[in-house]
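These are the residues of each chain, in order.
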Amino acid sequence: MNRNLEGQRVVIVGGNSGMGLALCAQLLTMRCEVSIVGRSREKLEAARKRLREFGEPRLHQADVTREEEVRRLFDEAGTVDHLVCTAADIRGSYELLPRLELDALDRAIRSKVVAPILLAKHGAPRMPAHGSITLTSGIAAYRPRPKGVAVAAINAALEGAVRAMAVELAPLRINAVSPGWVRTPIWDDVAGADSERLLASMAERLPVGRVGTADDIADAIVFLLGNGYITGTVLHVEGGHRLV
Ligand SMILES: NC(=O)c1ccc[n+]([C@@H]2O[C@H](COP(=O)([O-])OP(=O)(O)OC[C@H]3O[C@@H](n4cnc5c(N)ncnc54)[C@H](OP(=O)(O)O)[C@@H]3O)[C@@H](O)[C@H]2O)c1
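Residues numbered from 1 in each chain as written. Predicted model: local features only at pLDDT ≥ 70, side-chain atom pairs only at ≥ 80, totals over all residues. Heavy atoms only, no water.

Section: the pairing of strand β5 (residues 132-136)
- The element β5 is extensively covered by neighbouring structure, given that five of its five residues are classed as buried.
- Strand direction decides the pairing type here: strand β4 (residues 82-85) and β5, joined by three bridges, are parallel. By the bridge assignment, H82 is partnered in β5 with S132.
- You can see the chain leave β4, run along helix α4 (residues 102-123) and come back into β5, and the turn it takes is right-handed.
- When β5 meets strand β6 (residues 173-179), the two strands line up parallel, connected through five bridges. From the neighbouring strand, L135 faces β6, where its bridge partner is A176.
- A crossover links β5 with its parallel partner β6, the connecting element being helix α5 (residues 149-168), and its sense is right-handed. (Buried < 20%, exposed > 50% of the residue type's maximum accessible area, 1.4 Å probe, protein only. Helix = DSSP H or I, 4+ residues; strand = E, 2+ residues; numbered from the N terminus. Pairing = 2+ DSSP bridges. Right-handed = clockwise from strand over helix to strand, strands pointing away.)

Some points on the packing of aromatic side chains
- Taken as a whole and judged by the stated rule, the model has one aromatic pair.
- Ring geometry for W181 against W187: centres 4.8 Å apart, planes inclined by 55°, an arrangement best described as tilted. (Phe/Tyr/Trp six-rings, centres within 6.5 Å; stacked < 30°, edge-to-face > 60°.)

So, the nonpolar core
- Formed by 30 residues in total, the largest nonpolar core has its most connected members in I12, L23, L27, V34, I36 and L51.
- Mapped by element, the contributors of at least two residues to this core are β1 (9-13), α1 (18-29), β2 (33-38), α2 (41-51) and α8 (214-226).
- The residues contacting V34, other than those within four sequence positions of it, are V10, I12, C24, L27, L28, P57 and R58.
- Counting 29 residues, the second largest nonpolar core, distinct from the first, contains A62, A124, L158 and M165. (Core = buried A, V, L, I, M, F, W, Y, C linked by side-chain atoms within 4.5 Å. Contact = heavy atoms within 4.5 Å.)

What about the site of the ligand?
- Surrounding the ligand, one finds 29 residues, the nearest of these being N16, S17, R39, K43 and T184.
- V64 is positioned with one of its backbone polar atoms (N or O) 3.1 Å from a nitrogen atom of the ligand.
- Expressed as a share of its isolated accessible area of 890 Å², the protein-covered part of the ligand is 93%.
- Partitioning the shell around the ligand into residue classes produces eleven nonpolar, 13 polar and five charged. (Near = heavy atom within 4 Å. Polar contact = N/O pair within 3.5 Å; in protein donor to acceptor, adjacent residues only side chain to side chain. Areas by Shrake-Rupley, 256 points an atom, 1.4 Å probe, with all protein chains shown as cover. Nonpolar A, V, L, I, M, F, W, Y, C, P; charged D, E, K, R; others polar.)

Describing the sheet that holds strand β7 (residues 234-237)
- Reading across the sheet, the seven strands line up as β3-β2-β1-β4-β5-β6-β7 and stay open at both edges, with parallel pairing between neighbours. The strands lining the two open edges of the sheet, one partner per strand, are β3 (58-61) and β7. The average undirected angle you get between the axes of adjacent strands in this sheet is 20°.
- Direction of pairing for β1 relative to β2: parallel, over a ladder of five bridges. Looking across to β2, one finds that V13 is bridged to V37. (Axes fitted to C-alpha atoms, helices over the stretch in contact; angles between N-to-C directions.)

Structure below.
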């Protein structure tokens, strides 16, 4: 049976948008104490407004690719039962290799691989034995497309780190969700004006006949937070994308 999460303190890095925002709404409804983290004060305040009907999260402005800001985040947050990171800055990283700029590659690696390692480094010592860390990889590592080299490599690297951290940081549990295509603001950076066309054609291809919602992924993360017997695992939430 999944553990009751009521009263648990959860930090969601990336909680001002997309999957992290949906997760925050679900956890507030379950009466968790939730902190959301992002770089943009504006997006944090907008998230607070959207979450009003569910409860009141704490807001932390931090760039988690910077170690001093990660340290400050945990000083401010105090004890944390569960840490979730859905942060990603993949602007310019979905490109064919001749157009892939080192800056964009570097930014994406820092946001999805370096940041989770920094968060684990500074967060884990403050977490109780029943705590967990849940990170976000993605389908690009399993069903790569042209322009997907950087993101495929990044997601695979993150999953390697998840397995290693599950061993090193035990009894804390460390897991990842691997989303398929999910309609969130990240698509503005992935495909811009072409997003809706791509999402619609993927919906036709998938066994479930639709693309994902942020709530589909939030549900899976809630499950990972509550199940005390899962660690070092990648939970695929992708509508059957790996099969087609
Ligand atoms: N949506 C999909 O189809 C899809 C598919 C596969 C995998 N994924 C993965 O799922 C995860 C969540 O994606 P999403 O669609 O929910 O993305 P999203 O809506 O773009 O939200 C990600 C949030 O992360 C925050 N962030 C980025 N860099 C940060 C940093 N350095 N420090 C602190 N916060 C930072 C951003 O807030 P600020 O700008 O305020 O910092 C942003 O709002 C990502 O890892 C993504 O790669 C998504």
